Amino acid sequence: MIVDIHTHLFPPRFIAERVSLAASDEAFGEMYADPKAKMATAEDLLASMERARVDVSVACGFWWRDPALAAEHAAYLVDVARASSGRILAFVPTREAMEGAAGIGEVRERTPEGVPASTLPVLLHSTEETGHAYAGKEGGLTPGALGRLLEARPEARIIAAHWGGGFPFAAVVPEVRSRLAGRVLFDSAASAYLYAPDIFRLVIDITGLDSVAWGSDFPLRPQTVDRAYVEAALPDEVERAAVLGGNAARFLGLG
Ligand SMILES: [Zn+2]
């Protein structure tokens, strides 16, 4: 099973009204005011999944400051997930997950206290403390904050996006590594823009193969291109299968 654990969808209305939304929500404006920044609907994602031979995609919402926009976005994600026969899983951008949601995300909070407590998996934007600047970099958890969250909430199930901002390197410490087991996945979303390709090898060697999952960050990256990038980084068939879907399927309880 091929699973893309990190994609983004918007309701068609939000795409049509991106200019006014960019003016009303600062973080959204930073990332999407530029008309070249891609936005996708469920139809776009399903067509991409067809091309890239992806079985299941996790579709995240945007972490709106206005609860009405968040609720509208969540309702769209749950609707398209319901209509997709299991091909799309909705990760909703609200503090309480609604009926039909498979998780919460993509959460953009700077402190562990700001991250919603949920029995469902939570996909967290995470940010490297060093590295280059890019639109939307701020507004996520740094590795230090992610470490405090994992310690404070031993029951939380976390998908730490963008390789957890480099958090996996802390897992060389045995106590930290034991805190990850079975409940944390590091996703590779936007990896090609942020890290050298050796990141796949390095993180698997430190955290163990079970903790790594492919995320394309579609539509930022086409799924065909990003899947090929992962395959080039992981020539070993067993590792490739785990990262491209096996780990995500287990974590999300997919058949
Ligand atoms: Zn992100």
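For the structure, see preceding data.
1. Some thoughts on the packing of helix H4 (residues 42-52) against helix H11 (residues 223-233)
Logical step 1: Two elements in contact, H4 and H11, have axes separated by 8 Å at closest approach and are oriented at 40°. When the axes of H4 and H11 are compared, the pair comes out oblique. Read as a crossing pair, H4 and H11 show a hand that is right-handed. Of the residues in H11, those touching H4 at Leu-45, Ser-48, Met-49, Arg-51 and Ala-52 are Gln-223, Thr-224 and Arg-227.
Logical step 2: Each residue belonging to the contact of H4 with H11 can be placed in one class, and the counts come to three nonpolar, three polar and two charged.

2. Observations concerning the packing of aromatic side chains
Logical step 1: With the rule as written, the count across this model stands at eleven aromatic pairs.
Logical step 2: Seen in terms of ring centroids, Tyr-32 and Phe-62 are 6.2 Å apart; in terms of plane orientation they differ by 80°. Their pairing is edge-to-face. With Tyr-32 in helix H3 (residues 26-32) and Phe-62 in the loop between strand E2 (56-60) and helix H5 (67-82), this residue pair connects regions lying 30 residues apart in the sequence. Residues Tyr-32 and Phe-62 agree in their burial class; the two are buried.
Logical step 3: Taken together through their ring pairs, the aromatic side chains of Phe-10, Phe-14, Phe-28, Tyr-32, Phe-62 and Trp-64 make up a single cluster.
Logical step 4: The positively charged end of Arg-157 is found above the aromatic ring belonging to Phe-251, 4.3 Å away from the centroid.
Logical step 5: Geometry around Tyr-229 places Arg-221 over its ring, the cationic atom sitting 5.4 Å from the centre.

3. Focus on H4
Logical step 1: Considered for burial, the residues of H4 that qualify are Ala-42, Leu-45, Ser-48, Met-49 and Ala-52. When H4 is viewed along its axis, its buried side chains cluster within an angular range of 120° and face the same direction. Seen from the buried face of H4, the exposed residues on the opposite side, beyond 90 degrees, are Glu-43, Glu-50 and Arg-51.
Logical step 2: Buried residues along H4 sit against strand E1 (3-8), E2, H5, strand E3 (88-92) and H11.
Logical step 3: The first or second residue beyond H4 is Arg-53, which carries a positive phi of 55°.

4. As for the pattern of salt bridges
Two side chains bearing opposite charge may form a pair once their charged atoms approach each other closely.
Logical step 1: Within this structure, the stated rule accounts for nine salt bridges.
Logical step 2: Between Arg-87 and Glu-50 there is a salt bridge, with the nearest N and O atoms lying 3.4 Å from each other. Placement of Arg-87 in the loop between H5 and E3 and of Glu-50 in helix H4 is noted, with a sequence separation of 37 residues between them.
Logical step 3: Between Arg-227 and Glu-231 there is a salt bridge, and its shortest N-O distance comes to 3.0 Å. Here Glu-231 and Arg-227 lie together in helix H11, a separation of four residues that amounts to about one turn.
Logical step 4: For Arg-227, a relative accessible area of 10% gives the class buried.

5. Considerations on the coordination of the zinc ion
Logical step 1: Note on the zinc ion: its protein donors are Glu-106 (OE), His-125 (ND1) and His-162 (NE2). The metal-donor distances range over 1.8 to 2.3 Å.
Logical step 2: Expressed as a motif, the donor residue spacing for the zinc ion is E-x18-H-x36-H. Of this pair, Glu-106 sits in strand E4 (residues 103-107) while His-162 is found in helix H7 (residues 161-164), placing the two residues 56 residues apart along the sequence.
Logical step 3: For His-162, a relative accessible area of 4% gives the class buried.

So, how was this worked out
- Starting from 1, residues in each chain are numbered consecutively following that chain's sequence as written.
- Where local features are concerned, this predicted model is filtered to residues with pLDDT of at least 70; where side-chain atom pairs are given and counted, the filter is 80 or more; whole-chain, interface and lining totals use all residues.
- To get the side-chain values, take all heavy atoms of the structure and skip hydrogens and water.
- In this description, a line fitted to the C-alpha atoms serves as the axis of each element, helices being fitted only across the stretch in contact, and the angle between N-to-C directions of two axes falls anywhere from 0 to 180 degrees.
- Only DSSP runs of H or I reaching four residues or more are called helices, and only runs of E reaching two or more are called strands; each is numbered from the N terminus.
- Roughly parallel means an angle under 35 degrees; roughly antiparallel means over 145; roughly perpendicular covers 65 to 115; every other angle is labelled oblique.
- The sense of a crossing depends on the near helix, which, turned anticlockwise from the far helix by less than a right angle, makes the crossing left-handed and, turned clockwise, makes it right-handed.
- Residues count as neighbours in contact if any of their non-hydrogen atoms are within 4.5 Å of one another.
- Residue classes follow a fixed rule: Ala, Val, Leu, Ile, Met, Phe, Trp, Tyr, Cys and Pro count as nonpolar, while Asp, Glu, Lys and Arg count as charged, and any other residue, Gly among them, counts as polar.
- Two rings from Phe, Tyr or Trp (for Trp, the six-membered ring) form a pair when their centres are within 6.5 Å of each other. A pair whose planes differ by under 30 degrees is stacked, one over 60 is edge-to-face, and the rest are tilted.
- To sort residues, take the accessible area from a 1.4 Å probe on protein chains only and compare it with the maximum for the residue type: under 20% means buried, over 50% means exposed, and anything in between is partly exposed.
- Consider the ring centre and the ring normal. A charge sits over the ring if Lys NZ or Arg CZ is within 6 Å of that centre and within 35 degrees of that normal.
- An arc is given here, and it is the one of the directions from the helix axis to the C-beta atoms.
- Any carboxyl oxygen of Asp or Glu that lies within 4 Å of a side-chain nitrogen of Lys or Arg is treated as forming a salt bridge with it.
- Excluding water, the donors of a metal are its N, O and S neighbours within 2.8 Å, or within 3.2 Å for Na, K and Ca, and that exclusion means sites may look incomplete.

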